[in-house]
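# Residue-level structure breakdown
Here is how the chains run, residue by residue.
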Amino acid sequence: MNASLRPWSFLFGLLALWIAPAVASAQGLLVNVNSHEHIRLPRPIIVQPHPRQPPSHFDSYKIRELEVNATLKDQAATVQVSQTFVNTGSRTMEVAFVFPLPHDAAIDRLTLLVDGKEMPGKLLSKEEARRRYEEIVRKNQDPALLEWLGGGMFQTSVFPVPAGEAREVQIRYTQLCRQADGVTDFLFPLATAKYTTHPVEKVTVRLNIESTESIKSVYSPTHEVDVKRRGKSATITYSSKNEVPTSDFRLLFDVGRGKLSARVLSYRPKGKDDGFFLLLANPQIESDEESPPKTVVFVVDKSGSMSGEKIEQARNALKFVLQRLREGDLFNIITYDDRVEQFKPELQRYTDKTKAEALGFAEAIYAGGSTNIDGALTAALKQLKDSDRPNYVLFLTDGLPTAGETNEAKIVEAAKNNNRVRARIIAFGVGYDVNSRLLDKLVRENFGQSEYVRPNEDIEERVAKLYARMESPVLTGVTLEFCDEEAVSKGPVVNRVYPKGEFDLFAGEQLVIVGRYRRSGTCEVRVNGSVGKDDEEFKFPAKLAKESDDESLAFIEKLWATRRIGEIIDQLDLKGKNEELTKELVELSTRHGILTQYTSFLADETVRIDDVSSNAVRTESRLKELEQVSGQGGFVQRGAKASMQAAQNAAPAAAPAADAFSAGDRSAGVASTAPLSLSTSNATYRDSRSDQQVAIASVRNLGTKSFYWRENRWQDSTVTDEQIKAAKRYEQFSDDYFKLAEKHGRTLSQYLVYDEPVLLNLAGETLLIEPAKRN
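Residues numbered from 1 in each chain as written. Predicted model: local features only at pLDDT ≥ 70, side-chain atom pairs only at ≥ 80, totals over all residues. Heavy atoms only, no water.

### So, the overall build of the chain
Tallying secondary structure elements over the chain gives 15 helices and 44 strands in all. Within the chain, contacts between residues at least 6 apart in sequence are counted, and of these 74% link residues at least 24 apart. Entry remark: accessible area of the chain is about 31,700 Å², with carbon and sulfur atoms responsible for 46%. (Helix = DSSP H or I, 4+ residues; strand = E, 2+ residues; numbered from the N terminus. Contact = heavy atoms within 4.5 Å. Areas by Shrake-Rupley, 256 points an atom, 1.4 Å probe, with all protein chains shown as cover.)

Put into structure tokens, the structure is as follows:
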């Protein structure tokens, strides 16, 4: 039988394999050509509202490893993908491989190897691929493949996979990356792996960037990556184990010259008043260039509760910092229980002699006594007198103030008054007994940040990681300003910019700033800061989009919403009840599907997502949990809002585990340290009415939209009651259905992957996609 006439049998997409009839993995899909059944892609590992029953027998496989290696030379990328999979079924699979080409990518020289032997195949144009996708979808009555509609395809001939055996599949291709506003955009379609019944055992992505100019900003809006720079080259890595990838891998980078580089990207949805911008900045510091001298005062809690492993880790953290100070730096050590002790009565210049003495002082620190937080901070801040150099107070505590001044407000006010050099207090809250609200207020008033260390975490590791990032300040007291010709008469160009206020910029740090704007057009970005006693200003051109042509930068709005939600929770925590902010919290959470413990009730199918007033009342009730200033509930809530305020990505890199969001016992206020932002994944929360866990299978984020399971269908969060009444109906797999998909391309096709009915707004219309009637 000619392979083209056999029942569909495909290894589909970049290592997500499509098998007959039920299992897929990362970047390809296997379908057995010997099967005469309708072959559907397996659904992501989630709780389905109405799961389909699997057939009594089916072929399956598991993925052992997915490895992506790419070299990017300026705009050209050479990519090699390797995947090892095992046929875990009981019969031989006759399969083909179908690879969906990255959207907007020019692909050339694509080669596929199976166990090292090259397989013949064919590159299909977008139009040819569209017809192939449509043919498969029609035959198998499965909408999943429509997600890749609008892109090209690579298809191989058929090859066998015997039962129980493993196959290594490699694909190699070259790609011309998209480039806009000076930023190169590399995209790898990793999300095909979500159609799987087994997590991928190991996922590794490694990119090497080579350029003729110095590499500046390197940023992934989709994954937490590790970046190692070497002037005109850089290595970017990402790895995970037992992951179900739910988003494509994306990396943005730019090149340039000068001490500071900045690029502005903007996104404005059609028909919206507000636009959103992303500013990427990276300071360049040569290896032989001296860092400006700084002052560091380490304040260590040695109260009785710090005894044992905690005080040992605190000593090691202190020694790590002492080993990393540089010539010209000033430092001192303050320890406290009910009494306050100092290494020296005044700041010490860092030398081999003072380092040795300080290390000896650190070894002699032992735990015992009460906790005089106010006295320790007063002693530390009064030593700082030179505002021309960066000043940092590393403050570590594990408890509540029990000696000296114990009033929260007075401790914060005293620290603010004693801080006359604009020192940044970096607070480390250790364990669940810490007064987390006090720490947040202290750092808010003293230009710093708070870090929370769980009881099972290593204090030394957390302190070392933060200090390694901040040990080389390049620019301090940095401010950001967008200027245009109308700034004087019409006010600021941008608003609600995060992070807020002034900040310091460190060598090798990737700065990610997001904000909102109303006026579009060209403008100038001015970055002002200090280097020692000298003030510096950097100017960069920027263009704020009037209306975006596509959704390639839509992640900017989601990232802004995540940080804004964190900021709202912070204001409600530190300043108390505010009806306007509570309402905004509900609106943003609903619109973007970013659920926190205060809004997780939106996952309840009985809650009306358009009833903002009632939902705000319910949220306000849950916000009372912020009254917990200590204990596990207080600790976790402050950690959660901090993670949102500092979010670097618009969505989680991978599907969270089933217990990734557990608010725990509401009476105890235990919550997750991260927001719940679902990408066809699942999570759990504990219902406020009982201690029973309830699976959240009713909130999904796709593209720029959030969908809620309501009235036995997936409903776009922006749809109103009036729009529902006027919705235009389409039946799945009908001619009109495919004409609609062809008309709107990927803008719509990404939302057609559901088996259940879908109600959404698109291009000024409200559409209701209903399942095909079964014979």
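### Looking at the side chain of Arg424
Examined against the element boundaries, Arg424 turns out to sit in strand β27 (residues 424–430). By relative accessible area, which is 7% here, Arg424 ends up buried. (Buried < 20%, exposed > 50% of the residue type's maximum accessible area, 1.4 Å probe, protein only.)

### A look at the nonpolar core
As a rule of thumb, soluble globular proteins bury nonpolar side chains together. Judged by nonpolar contacts, the single largest core of 40 residues is most densely connected at Leu72, Val79, Phe186, Phe188, Leu207 and Phe249. In this structure, Phe298, Val321, Tyr350 and Ile365 belong to the second largest nonpolar core, which totals 33 residues. (Core = buried A, V, L, I, M, F, W, Y, C linked by side-chain atoms within 4.5 Å.)

### A short note on the sheet that holds strand β32 (residues 511–517)
A sheet is described by the order of its strands in space; here four strands give the open sequence β20-β21-β32-β30, paired in antiparallel fashion. A strand with exactly one partner marks an edge of an open sheet, and here the two such strands are β20 (260–267) and β30 (494–498). Going from strand to strand, the sheet's axes swing by 25° on average, the running direction of each strand aside. Where β20 lies against strand β21 (residues 275–283), eight bridges are found, and the strand directions are antiparallel. Looking at β21, one finds that Leu260 is bridged to Pro283. Relative to β32, helix α9 (residues 555–575) is tilted by about 90°, and along the sheet it contacts β20, β21, β30 and β32. (Pairing = 2+ DSSP bridges. Axes fitted to C-alpha atoms, helices over the stretch in contact; angles between N-to-C directions.)

### Quick look at the sheet that holds strand β13 (residues 178–180)
Pairing in this open sheet of four strands is antiparallel, and the strands run β13-β14-β19-β16 from one edge to the other. Two strands in the sheet have a free side with no partner beyond their single neighbour: β13 and β16 (214–219). Shown here is a sheet whose adjacent strand axes are inclined to one another by a mean of 25°, direction ignored. With three bridges joining them, β13 and strand β14 (residues 183–188) adopt antiparallel strand pairing. Counted as the bridge partner of Ala180 is Val183 from β14.

### A word on the confidence of the model for the chain
Close inspection of predicted coordinates is inappropriate for parts of the model with low pLDDT. For the chain, the average pLDDT comes to 80, and 82% of its residues sit at 70 or higher. Considering only residues more than four positions removed or in separate chains, one finds that residues 1–39, a stretch of pLDDT under 50, has 212 contacts. Overall, residues 44–58 carries pLDDT values under 50, and its contacts beyond four positions in sequence, including any with other chains, amount to 41 contacts. (pLDDT = per-residue confidence, 0-100.)

### Focus: the packing of aromatic side chains
Going through the model one piece at a time under the given rule, you end up with 16 aromatic pairs. Measuring from ring centre to ring centre gives 5.9 Å for Phe331 and Phe343, while their planes differ by 20°; the resulting arrangement is stacked. Remark: Phe343 occurs in the loop between β24 (340–342) and β25 (348–349) and Phe331 occurs in strand β23 (residues 330–336); sequence separation between them is twelve residues. Exposure remark for Phe331: the relative accessible area of 2% places this residue in the buried category. For Phe343, a relative accessible area of 11% puts it in the buried group. Site record: aromatic cluster; members linked through ring pairs are Phe707, Trp709, Trp714, Tyr751 and Tyr754. Taking the ring centre of Phe343 as reference, the NZ or CZ of Lys344 above it sits at 5.4 Å. (Phe/Tyr/Trp six-rings, centres within 6.5 Å; stacked < 30°, edge-to-face > 60°. Lys NZ or Arg CZ within 6 Å of the ring centre and 35° of its normal.)

### Overview of helix α1 (residues 126–140)
For α1, which comprises 15 residues, the first-to-last C-alpha distance of 21 Å matches the rise-based estimate of 21 Å (1.5 Å per residue) to within 8%. All of the buried residues in α1 are Ala129, Arg130, Tyr133, Glu134, Ile136, Val137 and Asn140. The buried side chains of α1 occupy one side of the element, clustering within an arc of 165° when seen end-on. Note on α1: the residue one or two positions beyond its end, Gln141, has a positive phi of about 50°. (Expected span 1.5 Å × (residues − 1). Arc of directions from axis to C-beta.)

### Regarding the pairing of strand β19 (residues 249–256)
With seven of eight residues buried, β19 lies mostly within the body of the structure. Inspection of the sheet shows β14 paired to β19 by five bridges, in the antiparallel sense. If you follow Thr184 over to β19, its bridge partner there is Phe253. When β16 meets β19, the two strands line up antiparallel, connected through four bridges. What sits directly across from Ser214, in β19, is Gly256.

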